[in-house]
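Coordinate inspection notes
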Amino acid sequence: MYYLSNKRTLRRGFCTFLATAGLVYGLGLVGPNSAGQAQAEEFPSKSIKIIVPFKPGGRTDVVARLISEKIQEKGLLSQSMAVVNADGGAGANAVAQMRRGDTDGHTIIHWHHQALIAMAMELGDFDMSDFRSLGYTGGGSPVWAVKADSEFNTIEQLVDHLKANPRSLVEAVGIGTIPHFVGGMFANAAGFETRYVTANSGADRLRLLLGGNADIALFAASEYLAQGDGLKALVYFGRERLPEMPDVPTATEAGYDVSWTNPNWWLAPADTPDAAAEALSAALEAAINDPEIADYFRNNTLEPYWMSGADARADAENVLVRLKKVAETIQ
Amino acid sequence: MLDAFIQLFELQNILFLVLGTALGIVVGAIPGLTASMLIALTLPLTFHMDPVSAVTLLIGEYVGGISGGLITAILLRMPGTPASIVTTFDGYPMAQQNKAERALALGIMASVVGGIISWFFLAGMSPALAEFALQFGPWEYFALVVMALVMLAVLAQGSLAKGLLAAALGMAFAIPGIDSSIGQARLTFGNSALLTGFGLLPVLIGAFAISQVIRDACAPQMTQKVPVPQKRLPIFGSDVKTHGLNMIRSSVIGTWIGLLPGIGANIAALVSYSTAKQVSNEPEKFGKGHEPGVVAGEAANNASIGGALIPLITMGIPGSVTEAILIGALTIHNLQPGPLLFQNAPEVAYGIIAAYLVANVIMLLMMWGAVKYIAQVVRIPRSALLSVVLVFCVVGSYAVNSNFTDVWVMVAFGIIGLGLEAARVPLGPFVIGFVLSPIAEEQLRASLMMTDGDVTEILSRPYALLFLILAVLTVAWPAVVARLKPARKEEMK
């Protein structure tokens, strides 16, 4: 109590407090490394920042949080991880964040193939050369659905109708987003055309489709399943049928060479050192192989798997070539 | 439903609800920090809770966050959350007339009444209302927003020309960014920082909070006289008669606008405020510390949460960022909101409904108890208070997208806001134009895409047509009244 009576003492007390806090903080930082100066270069040397280019609550955000929690829980990396949401500008904000951060692996991005679409549309000021791919931790494929009381029961009926009556049906898409490109690839492969209505989120697509303001929309398989009898899925864009919806054919089965899997893609700045990238990849691989994470993925119609950084990059480059072709036709 | 209430009164759940509501009120009251930030921050904590506790915590934060905004709106003319913009119109003038406690008490009462009325809609009519809301397509959204924009012209105080100028400026600032209708950059001058456009929060706290901070900082230090708190809060039995109808009307408007995903609490409060002004016998008093103004805005913004929860729990359609995070919290527990939620996890679905009601009651108790002390905030020396506010504004606008550009945007809009006020251009229409025009634009263009450019479609849509007629009436009403008045006078003679 007595310091409160005297301002000078108070100030001195405060300085002592600051000094003590600083000392404790400093010790805290040095602590883990003090075991051996030889390992001073060891990665990670401080908390790792995971940038998610979306608002919190979406799939990419949730997966980033779950995986980083798992990595901490199992001590797969010696430091903690923090998720930072940087929505906006089709990912440009997230990339700008990454560029401002460390290039030694302490700043990474968790994204998906929306990144490739932004590159194909040349929206942001970034491309593949900005990134080092760390790997895919699983992914999921969408379905094309119509309302339950729609006249169309199979994808053939729908395609035939659209071929006979071009632009007669409305598709809910956000221009320049994944539904737009997947729909565009399918339309190009099958040779039909739809009209669009702007829908910039899964919620918008659902609202428009259920309200009868759109005829077709793309959904994550889990979004579709949660609607119960409200929607009817006509085609699944995965490579194989999904056990939860055994009656929905894949596009390939229906005779169209289209498939789309949207992976959980981990990226680091291009000049990240090998050792750091390898440490991160190893931790991610171990996390995705954890039974709890795998359960979460399966319950949300995502497939848990690991694809190494180099393979993921090769896959992404293939997809980018295809997306650029679609971008030419829809721009 | 009863089970859900019983479950809610388990110690752990009620504690989470109290904690969530309290945090929500505090964060909601701080300009710059919003309920959605708080919910995003607490999201990781809910991973390890059981799903019912998780939703009670988050619902408490949601309700508290919208309610807390009225405190700073009334006392400092800085809306604590975007939904409290209209509360500044009459709440702050009331505070200046030494009626701060009265304004706070009315705002709190209105908030609770709004919450409870919308709860009845939520608990009793969810499926039917969700069906109804779904019928609203792009044309209806567009017509609704046009109606709100026209009401804005009526809202403009003083010079109509200046009001329209402010609205047009607001709309102009909404243009840069990625054009959501074609996915291309627009007016960004090749600058990737502008790709995001100007965010709502930086613009809003810039125009209201920062400009106010600068203004107050320049003003000579004045010691504001604050009346000694009264023993009893100034709410009277007669208020039921004076404000009852307004509260009910505003709550219903709030619920119905809240129903529409993507429209939200800000617009609900605005529409109900304009409606209150239109039907009032003394519209000229609005904006100068008129009690019904505070009531209309606060009843509607709280009611809109109940409305917004309807499509969320029945269809899994989130109405706002806050609700999208709520869905994220559920998916972590392997629960997908949608029609199946009531079958798969009834305890969670009903838990949300029950928690919403109880959170409103808790909010009432807390704010009621604290209001006397809260009103004393204005006794804190301005220099100290404003510094704290400034810090939160910077932190808040940075935290939305972890982007420092947003902080500069906030500062810039603070200066713009100051300039506008100096030129006696009202800030209300400016911010409202900024909020509404992107929705109007996107929905109109979506409509035209859908119909291949055919505008006449709007005439075949009953709700859209209704909104347009209301909009025309809003404009024509003063003229009609002017015509009728001489006629009536003659009759009287």
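Residues numbered from 1 in each chain as written. Chains lettered and ligands numbered in written order. Predicted model: local features only at pLDDT ≥ 70, side-chain atom pairs only at ≥ 80, totals over all residues.

**A few points about the interface of chain A and chain B**
At the interface, 46 residues of chain A touch 45 residues of chain B. Looking at the side of chain A that touches chain B, the elements with two or more residues in it are α3 (59–73), β2 (81–85), α4 (92–100), β7 (195–198), α8 (202–210), α9 (221–226) and α11 (291–299) of chain A. With five residues, α8 of chain A is the largest single contributor of residues to the side of chain A that touches chain B. Classifying every residue of the side of chain A that touches chain B gives 19 nonpolar, 19 polar and eight charged. (Contact = placed C-beta atoms within 7 Å. Helix = DSSP H or I, 4+ residues; strand = E, 2+ residues; numbered from the N terminus. Nonpolar A, V, L, I, M, F, W, Y, C, P; charged D, E, K, R; others polar.)

**Regarding the pairing of strand β5 (residues 142–147) of chain A**
All names here are of chain A. Of all the six residues making up β5, five are buried; the element is thus mostly covered by neighbouring parts of the structure. Sheet topology note: the β5/strand β8 (residues 216–220) ladder contains four bridges and is antiparallel. Opposite Trp-144, over in β8, you have Leu-218 as the bridge partner. (Buried ≥ 20, exposed ≤ 12 C-beta atoms within 10 Å, placed from the backbone. Pairing = 2+ DSSP bridges.)

**Points about the domain arrangement of chain A**
Quite often, the size of an interface is put as the accessible area lost when its parts meet. Residues and elements named next belong to chain A. Domain annotation of chain A identifies domain 1 (48–138 + 261–330) and domain 2 (142–236). One C-alpha centre belongs to domain 1, the other to domain 2, and the line joining them spans 27 Å. At the level of elements, α5 (114–120) and α12 (309–330) are the ones that each hand at least two residues to the side of domain 1 that touches domain 2. (Domains from an automatic or database assignment.)

**Section: the packing of helix α7 (residues 178–190) of chain A against α12 of chain A**
Residues and elements named next belong to chain A. Two elements in contact, α7 and α12, have axes separated by 10 Å at closest approach and are oriented at 85°. If you check the angle between α7 and α12, you find them roughly perpendicular. Residues His-180, Phe-181, Gly-184, Met-185 and Asn-188 of α7 form the contact with α12, whose own contacting residues are Arg-322, Leu-323, Val-326, Thr-329 and Ile-330. Looking at the contact of α7 with α12, its residues break down into five nonpolar, four polar and one charged. (Axes fitted to C-alpha atoms, helices over the stretch in contact; angles between N-to-C directions. Parallel < 35°, antiparallel > 145°, perpendicular 65-115°, else oblique.)

**Describing the sheet that holds strand β3 (residues 107–111) of chain A**
Residues and elements named next belong to chain A. Reading across from one edge, β2-β1-β3-β10-β4-β11 is the order of the six strands in this open sheet, with mixed pairing throughout. Both edges of this open sheet fall to β2 and β11 (303–308), since each of them pairs with a single strand only. Neighbouring strand axes in the sheet, compared pairwise and without regard to direction, differ in orientation by 25° on average. Bridge analysis of strand β1 (residues 48–52) against β3 gives three bridges, and the strand direction is parallel. Paired with Ile-51 across the two strands is Ile-109, which belongs to β3.

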